[in-house]
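Tertiary structure, described
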Amino acid sequence: MPVPRGRGLVSRSLLREDAYRAIRDAIVDGTLAPGERLNDTDLVEWLGVSRTPVREALARLEQAGLVQTKPGRYTMVSPLDVRAARNAQSVTAVMHELAVREALPNLSGAELDAMREANTRFADALRRADVDAAIAADDDFHGVLVTACANGALQDVLERYTPVLRRLERLRFSSLSGRESVAQHDRIIQLCAAGDAAGAAAATRANWETLAPLLETPSTDDDPGRLGPTTAPPTGDG
């Protein structure tokens, strides 16, 4: 596998979580491509940790649908799966809608300002065609409401399913209407500022449902649920 640049990136105090996030982010941003073989030794060398947190991270990523394993044969980055993405989109849209409803009664002016600032960065990143910055700003925008709702169960669900959507969004980013997303964010802010929980929740759900065109990408001939191309599963130990 191509080892990403930089070594020893994980602090000793948060080995499990940091190893998980580092590998997850490399999958989401395409550094580790669909079908890519994941080798424990390479990951250990890259992250600067022992095998235990790496294997725990891979097990967690498998549960999230980002990694596939076949004991004794291979561990690889999961191909893009349209069925999994559709399921993740449905769950994610509902969770963000709920976050708005729970956050809005106590949303502060500072939090509204944070949403405005994040959307400004989002718009700027789109103008510059900076996908990394756009996705980070979009995460920050929605993250204000997710944090404000203080619902740990909701946050856990989003932690699991959002990477599935972000991975697809990144690889098909040009298919999205960026300007439409900026305008939708502005509308969400306006409704939140007005205290309209129902309207803001509906606008938030509609914003996440704009990902639907990404799920209409033609699949591969051999698997109607898979978006490709991908490499074949490797053989040998994972």
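One can find the structure itself at the top, above this paragraph.
Residues numbered from 1 in each chain as written. Predicted model: local features only at pLDDT ≥ 70, side-chain atom pairs only at ≥ 80, totals over all residues. Heavy atoms only, no water.

Each regular strand shows side chains that alternate between the opposite faces of the sheet. Here strand S2 (residues 74-77) shows no split at all, with Tyr74 and Met76 on one side and Thr75 and Val77 on the other all buried. In terms of strand pairing, strand S1 (residues 67-70) meets S2 through four bridges, oriented antiparallel. When the bridges of S2 are listed, Thr69 appears paired with Thr75. In this structure, the hairpin formed by S1 and S2 is closed by a connection of three residues, where Gly72 is found at a positive phi of approximately 80°. (Buried < 20%, exposed > 50% of the residue type's maximum accessible area, 1.4 Å probe, protein only. Helix = DSSP H or I, 4+ residues; strand = E, 2+ residues; numbered from the N terminus. Pairing = 2+ DSSP bridges.)

Throughout the structure, instances matching the rule amount to zero aromatic pairs. Just above the ring of Tyr20 sits the side chain of Arg60; from NZ or CZ to the centre is 3.7 Å. (Phe/Tyr/Trp six-rings, centres within 6.5 Å; stacked < 30°, edge-to-face > 60°. Lys NZ or Arg CZ within 6 Å of the ring centre and 35° of its normal.)

Moving on, we come to the nonpolar core. Ile23, Ile27, Leu47, Leu58 and Leu61 are the most contacted members of the largest nonpolar core, which has 26 residues in total. At the level of secondary structure, the elements contributing two or more residues to this core comprise helix H1 (15-28), helix H2 (40-47), helix H3 (51-63), helix H4 (82-103) and helix H7 (152-171). The element contributing the most residues to this core is H1, with six residues. When near neighbours in sequence (up to four residues on either side) are disregarded, Leu58 contacts Ile23, Leu38, Asp40, Leu43, Val67 and Thr75. Formed by 23 residues, the second largest nonpolar core is a distinct cluster that contains Val100, Ala103, Leu107 and Leu158. (Core = buried A, V, L, I, M, F, W, Y, C linked by side-chain atoms within 4.5 Å. Contact = heavy atoms within 4.5 Å.)

Looking at the largest pocket, its volume works out to about 500 Å³. In terms of lining, the largest pocket is formed by 20 residues, of which the most central are Arg24, Asp139, Glu159, Thr162 and Arg166. Of all the secondary-structure elements, those providing two or more residues to the lining of the largest pocket are H1, helix H6 (131-149) and H7. At seven residues, H7 tops the list of elements feeding residues into the lining of the largest pocket. (1 Å grid on protein atoms, 1.4 Å probe; cavity = no way out; pocket = protein on both sides within 12 Å on 5 of 7 lines; lining within 4 Å. Points joined across faces, edges and corners; volume = space filled by probe spheres on them.)

Relative to the assigned elements, Thr41 resides in helix H2. Classification of Thr41 as partly exposed rests on a relative accessible area of 43%.

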